[in-house]
Structures are given as C-alpha cells and as structure tokens.
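# Tertiary structure, described
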Amino acid sequence: MPSFQPDLLFSGGRVLSGVALNVRDGVVDSVGSPSGGPVPLRGRAVLPGLVSAHSHAFQRAIRGRTEHRAHPLEAAGSPGGRAEPAGRSIGDDFWTWREAMYAAAERLSPEDLFAVSKFCFLEMARAGVTAVGEFHYLHRDREGRPYADPNELDLAVARAASEVGLRIVLLRVAYARGGLKRFVEGSVDEYLRNLDALSKHVPVGAAPHSVRACPAEWIRDISNEAARRGWVLHLHVSEQPKEVEQCRAEHGTTPPLLLERLGALTDRTTCVHGVHLDRDDIAAIGRARATVCACPTTERNLGDGVVRADKLLTAGARLCVGSDSEVQLDPLEDARQLEYGLRLVELQRAVLDPEHAGVGGLGAKLYGIASEGGMRSLGLPGGALRPGEPADFIVVDLDDPSIAGVRAEDLMANVTFCLERTAILDTYVGGERLALDFAGALPTFREAMRRLWS
Ligand SMILES: [Zn+2]
C-alpha cells in the first residue's frame, strides 16, 4: 500500500500539512500518519483530480480553424445578412462556428475519431483531469447508416480514454432532429437499446442533446429510463438566446421549465451551459438541486455569454465545469473564469465568496466545483480525496514559478487563480500514475489531422 507524503494535501476541502495519503487498491484508505510504503513528495502538494464533465473530444480537431471572421456583419434583413429572431444582426457566432464543427464531424472516420480523442484525453490528463464526461453524438457513418456495431464510434472514444487511463462516463447522446445524419437515430427505443448495450462496456449516462434536437416525448421517456437505471441525465440547456426562443415557440416555456414539467429536472440532471436563464429558470434548477455545467473557456470563445454562478449557487443549484469545444484544456482556467466573468459583469471582486471564506476560501470553492462537482455530475464517487474515495489526484510542484512562495493558507487561491500547467508534475487515477505518452500518440493524431484538413 503506497503512502504518498507531500508537504501539503488538499483533502475533504481542507489544506493539511505533513499528512500522508494512504492508498489501497486504488482507493484512499486513510489520511493521516503514513501506513504503507513511503512515496516521499518533498516540495509537492497533492490535490484531487479535476473533472471535465462535458467534453466533445472530436472537436479538438477544429481548434484554431474558426478564429477569424468568415461571415459579413450586416444589418438584419440586408442581402446576405442573417438575423436572429430578436432582429439583431449577426456575423460570426455560435451558429457559424457550428457549421465548421459539422464539416469536421461529417468527415471523421472511426480511426480518426480514436486518434483525435486519444490526443485530446492526453492533453486533458496533462492538465490534471482524471475523469471526463464525454457527450458523444457521432453514432452513424457518413451516409447515416448504423455501423455493424451501432456503438462503434462510442466504443472508439471509450477505448481512447481507457488507453490514456482516464475515467470516462460515456454520455451517449440522443439526437432526433436537425443536425447531421451521423447524429440521428430512429426512435427512443433504438437509442435506449444502444445505450443499454454500451453500458455493458463502459459507465454511461443518458443525454438527450437539447430541447432543440429532441422532442418533449423523447426527453420524458429517456429521463424516465435514466431514473429507473440510475444513470445521470445530461442536456445542453439555454446556451443561446435563439434556443430559448425556439423552445418558447414550440412549448410555450423555457428549456429548464420544460424539463421540470417533463420530470427531467432532478438532482441527477446536469444542465450544460445554462447561460440564458431567467429568474424562474434559476429557481427551478435550484429547487431540483440540479447541476449546471459551465464551460467558460468555450462560452467566451463562442460568444455565448456568462453563467450566473452566483445566482445559481444562491438558489441551491450545484456547479461543475466542462471543456466542451476543447478550445483550451485547462479546468482551472474554467474554474477561475467562472468568477472572472462575474467580476467583469458586476464590477466587483470575489463575487463567488459571499461566505467571506478567507484567503484561500474562494480558490478552494472553485477547485471543488472543478473536482468534486464534476464527479457528482457524472454520478461518480469522490473528488475530494476523503477515505473511501478513488485515489485520483495530481502532484503539484510548489516551487513552480507560477505559485512559488505559496503557504498552506493561500495554497488554494494560488492554485486556482495562478497555477500554470508546468506546475502539474503527475496525474494519478486509481492510485496509478498516468504515463502520458504524447510521442506515441502524435503520429496518428497528425495523420488524422492531415486527412481531415487536406
Ligand atoms: Zn456541448
């Protein structure tokens, strides 16, 4: 039984000095006096692994290809100009980004998907991620035909995570309308049959894509089955104003209130994004003790808006973070951006610290959102390195220039607001150090990118 002995250990939400993390069979056995083979970690801190609770690994392939204006910004109604329902004129935005994403999704072979996903998961692990919720909606071939095994692409992504050593929950997506032929399956029965088959190979969650892509009956039936099976339920919710307006037009209400009406808003539900929420939406999500998965590095990249983490927490909602479009793979950047977005809106500092939790308090709170919050959203135990939890953790160099000089009381503020990736020395899942073989993965990743974009 290894006994990890860092200078500082963040366990159970507290920073402890000179305490050992004793691990048995991949699980935290105890926190306290060393009781196994010593693994000395002088000058190091050990912190819980981070979680990307919402990922689309294949989108790693379009990184850097959409950071330019491709559409004219014209007045609503003028030739070539596209107008939102509200009449605002728009140029490049979420919807034009989606065209680029669809172009990549159209072309990916199973081999490309595996190569790109594996590289993406390696990059996640290097950033301290130990568990990922993969919201996967590529199911069929380019012509829209099921593969011989309808889960071929889902299993390719699961295998990529497993080769890297990450925990994965496959949030297999139900897509009924709109989108590409590759996303869409014929019925709820077909979707649930495939999800059930997949659940025999990898932990799963149910994921009706959104109220835009699934009719109400799909969401209701899938949510009921998820409750019966003990699966978590993830959906994109209110990422864009247009999505809310379409929902109002079709259902006479907003996405969160529709979910509540369908019995699909519970403490096992994760609403991904939750950017465009009104007071009633926030109250409903809070009442249900549901989770909102903010993806701030993507939301700022796509021009989605700012998640009102302050109002959501006050209402009783829970939070986690996701890397979503994979534009940056750094859950700590997502965690700090949750707070920074609110600072820019409110012209205040420490908006998410109404508790006056002291020097390291806000950092610890945001870190907990990115670790324990993510595990809860995925239906997994752990995220805080308490005894009995999985031994998923990162080893941080306390002398890295980005955090050098740190003390126990300001450790979590330094880690959450200032730490650079160079400070993360190792990532452990289930007590095992991940090898992170970038050199081995790079040739097939490069080849997949060449095929995709040549
Ligand atoms: Zn997403």
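Counting restarts for each chain, with residues numbered from 1 along the sequence as it is written. Given that this is a predicted model, residues contribute local features only at a pLDDT of at least 70 and side-chain atom pairs are listed and counted only at 80 or more, while totals for whole chains, interfaces and linings are drawn from all residues.

Below, the discussion takes up the overall build of the chain. Helix and strand definitions here come from DSSP, where helices need a minimum of 4 consecutive H or I residues and strands a minimum of 2 consecutive E residues; each element is numbered from the N-terminal end. A tally of helices and strands in the chain yields 15 helices and 18 strands. Taking the principal axes of the C-alpha coordinates as reference, the chain spans close to 65 × 50 × 45 Å. Counts of 20 or more other C-beta atoms within 10 Å of a residue's own C-beta define buried residues, counts of 12 or fewer define exposed ones, and intermediate counts define partly exposed ones; C-beta atoms are placed from the backbone. Here the chain, with 454 residues, has 52% of them falling under the buried criterion. If you take every contact in the chain between residues at least 6 apart in sequence, the share linking residues at least 24 apart comes to 75%. The contact criterion used here is simple: two residues whose C-beta atoms, placed from the backbone, lie within 7 Å are in contact.

It is worth spelling out the packing of helix 2 (residues 110-126) against helix 3 (residues 152-164) at this point. Packing of helix 2 against helix 3 brings their axes to within 8 Å, and their N-to-C directions diverge by 35°. The element helix 2 and its partner helix 3 pack so that their crossing is right-handed. When helix 2 is examined against helix 3, the residues P110, L113, F114, S117, K118, F121, L122 and A125 are found in contact with a partner set consisting of E152, L153, A156, V157, R159, A160, A161, E163 and V164. For helices, the fitted line uses only the C-alpha atoms of the stretch in contact; every axis is such a line through C-alpha atoms, and the angle between N-to-C directions lies from 0 to 180 degrees. Helix crossings get a hand from a simple test, with the near helix turned counterclockwise from the far one by less than a right angle marking a left-handed crossing and a clockwise turn marking a right-handed one.

The next subject is helix 1 (residues 94-107). Here the expected length of a helix is defined as 1.5 Å per residue gap, with one fewer gap than residues. Its 14 residues place the ends of helix 1 20 Å apart at the C-alpha level, agreeing with the 20 Å of an ideal helix rising 1.5 Å per residue. Along helix 1, the positions that sit buried rather than exposed are F94, W97 and A105. Viewed end-on, helix 1 has its buried residues packed into an arc of 80°, placing them on one side of the element. Summarising the geometry of helix 1, the exposed residues directed more than 90 degrees from the buried face are E99 and E106. At its buried positions, helix 1 is contacted by helix 9 (296-302). Arc definition: it is the arc formed by the directions from the helix axis to the C-beta atoms.

Further remarks concern unusual backbone geometry. Look at S238: it is not a glycine, yet its phi comes out positive at around 50°. Mapped onto the fold, S238 is located in the loop between strand 12 (233-237) and helix 6 (241-251). The residue L385 is not glycine, and still its phi comes out positive at about 55°. Considering the arrangement of structural elements, one finds L385 in the loop between helix 13 (372-377) and strand 16 (393-397).

Packed helices, taken two at a time, are described by the angle between their axes plus the distance between the axes. Interhelical geometry of helix 4 (residues 188-198) versus helix 5 (residues 216-229) gives an angle of 30° and a closest axis separation of 10 Å. As judged from the angle between their axes, helix 4 and helix 5 are roughly parallel. Relative to helix 5, the crossing made by helix 4 is right-handed. Contacts between helix 4 and helix 5 involve V188, Y191 and L192 from the former and W218, D221, I222 and E225 from the latter. Throughout this entry, Asp, Glu, Lys and Arg are counted as charged residues, while Ala, Val, Leu, Ile, Met, Phe, Trp, Tyr, Cys and Pro are counted as nonpolar. The remaining residues, Gly among them, count as polar. Residues belonging to the contact of helix 4 with helix 5 are distributed by class as follows: five nonpolar, no polar and two charged. Note that the term roughly parallel is reserved for angles under 35 degrees, roughly antiparallel for angles over 145, roughly perpendicular for angles of 65 to 115, and oblique for everything else.

You can see S117 is positioned in helix 2. The class of S117 is buried, set by 33 C-beta atoms lying within 10 Å. Measuring from C-alpha to C-alpha, the distance between S117 and V164 comes to 10.0 Å, with 47 residues separating the pair along the chain. Non-local contacts of S117, meaning those with residues more than four positions away in its chain, are made with A57, F58, V157 and A160.

Turning next to helix 6. Residues E243, V244 and C247 constitute the buried set of helix 6. Taken end-on, helix 6 shows its buried residues confined to a sector of 100°, consistent with a single buried face. On the buried face of helix 6, the contacting elements are helix 7 (255-261). Of the residues trailing helix 6, G252 is marked for its positive phi of about 75°.

This brings us to the nonpolar core. Linking buried Ala, Val, Leu, Ile, Met, Phe, Trp, Tyr and Cys residues through C-beta atoms within 7 Å yields a set, and such a set is a nonpolar core. Within the largest apolar cluster, 141 residues are counted, with the highest numbers of intra-cluster contacts made by V116, F121, L166, I285 and V321. With ten residues, helix 2 is the largest single contributor of residues to this core.

Moving on, we get to the environment of P354. As for its placement among the helices and strands, P354 is situated in the loop between helix 11 (331-346) and helix 12 (361-370). Through-space distance from the C-alpha of P354 to that of I168 is 34 Å; in sequence the pair is 186 residues apart.

Scored from 0 to 100, pLDDT records how confident the predictor is in each individual residue. Averaged over every residue, the pLDDT of the chain is 94; the share at 70 or more is 96%. This stretch, residues 75-89, has a pLDDT under 50; its non-local contacts, to residues over four places away or in other chains, come to 22 contacts.

This part covers the pairing of strand 10 (residues 167-174). Of all eight residues in strand 10, eight are buried, a share of seventy percent or more. Of the two faces of strand 10, the one holding R167, V169, L171 and V173 and the one holding I168, L170, R172 and A174 are both buried throughout. Bridge analysis of strand 9 (residues 129-136) against strand 10 gives six bridges, and the strand direction is parallel. Note that in strand 10 the partner of F135 across the bridge is L171. By definition, the crossover connecting two strands over a helix is right-handed if that path, from the first strand to the second, turns clockwise as seen with the strands pointing away from the viewer. For the crossover that starts at strand 9, traverses helix 3 and ends in the parallel strand 10, the hand is right-handed. Any two strands are treated as partners once DSSP identifies two or more bridges connecting them. In this sheet, strand 11 (residues 204-208) lies alongside strand 10 in parallel orientation, the contact comprising five bridges.

Going residue by residue along strand 14 (residues 291-294), you find T291 and C293 tucked away on one face and V292 and A294 tucked away on the opposite face as well. Looking at chain direction, strand 13 (residues 269-273) and strand 14 are connected through three bridges and run parallel. Note that in strand 14 the partner of V272 across the bridge is C293. In this region the chain leaves strand 13, passes through helix 8 (residues 279-288) and returns to the parallel neighbour strand 14; the handedness of that crossover is right-handed.

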